Amino acid sequence: MRSLLAAAVAALSLSAAPATAVHADPIVGSMTIVCYGCGPSSGTASLTVNGIYTAWASFSVSAPSSTCPATLVGNGTVSGYYNGSFDFYVYGGAMYLTIGGAHGGSGGGVFKADANLSCGATGVRATFAATIAGL
């Protein structure tokens, strides 16, 4: 699993950053979602940035039962290395996120639930890896 995440981060580091980007931060993290595919719900996440810095997030999330388990949309606040708001969108195993604040930016990555996702599942844990590029 770690090698898959590391390969995804390495590939995204090379391809996700626009030509004008000042920084591209690889992020690896984990999240817990209270109820997946239940409509509105909430969750928390912990992130490691550049293998050194940490950040924590709390978020609201929606995984409508009509599109479950394919899509997940969320937004919330993050503190630590990143301080500000963030938004994310997951479709299947692909993740896109935008983080505000001084070190913020946007980028893409991979999302993987720790177990098979089923609509209405509670306490869903997932890991993700992404690269955030910013100006």
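Presented here is a report on the structure given in the accompanying data block. (Residues numbered from 1 in each chain as written. Predicted model: local features only at pLDDT ≥ 70, side-chain atom pairs only at ≥ 80, totals over all residues. Heavy atoms only, no water.)

So, the overall build of the chain
Phase 1: Across its full length, the chain carries 1 helix and 8 strands.
Phase 2: Counted from the first residue to the last, the chain has its helices and strands arranged as α-β-β-β-β-β-β-β-β.
Phase 3: A buried classification covers 41% of the 135 residues belonging to the chain.
Phase 4: Carbon and sulfur atoms form 61% of the exposed surface of the chain, whose accessible area is close to 6500 Å². (Helix = DSSP H or I, 4+ residues; strand = E, 2+ residues; numbered from the N terminus. Buried < 20%, exposed > 50% of the residue type's maximum accessible area, 1.4 Å probe, protein only. Areas by Shrake-Rupley, 256 points an atom, 1.4 Å probe, with all protein chains shown as cover.)

A short note on the environment of L97
Phase 1: On the secondary structure map, L97 appears in strand β6 (residues 94-99).
Phase 2: With relative accessibility at 3%, the residue L97 sits in the buried group.
Phase 3: Ignoring anything within four residues of it in the chain, the contact list for L97 reads D87, F88, G105, S106, G107, A130 and I132. (Contact = heavy atoms within 4.5 Å.)

Considerations on the environment of G93
Phase 1: Relative to the assigned elements, G93 resides in the loop between β5 (84-91) and β6.
Phase 2: Taking the C-alpha atoms as reference, G93 lies 6.1 Å from K112; in sequence the two are 19 residues apart.
Phase 3: For G93, the contacting residues outside a window of four places in its chain are G109, V110 and F111.

With respect to the state of the cysteines
Phase 1: Here the structure, examined in full by the defined rule, presents 1 disulfide.
Phase 2: Residue pairing for C35: its cysteine sulfur links by disulfide to C38, the two sulfurs lying 1.7 Å apart.
Phase 3: Taking relative accessible area as the criterion, C35 reaches 15% and is therefore assigned buried.
Phase 4: By relative accessible area, which is 37% here, C38 ends up partly exposed. (Disulfide = S-S within 2.5 Å.)

Let's talk about the nonpolar core
Phase 1: Grouped together as the largest cluster of nonpolar side chains are 30 residues, with contacts concentrated most on M31, L72, Y82 and F88.
Phase 2: The set of elements that each furnish at least two residues to this core consists of β1 (23-36), β2 (39-49), β3 (53-63), β4 (71-80), β5, β6 and β8 (121-134).
Phase 3: Per-element tally for this core: the top contributor is β8, with 6 residues.
Phase 4: If sequence neighbours within four positions are ignored, F88 has contacts with M31, F59, V61, L72, V73, G74, N75, M95, Y96 and L97. (Core = buried A, V, L, I, M, F, W, Y, C linked by side-chain atoms within 4.5 Å.)

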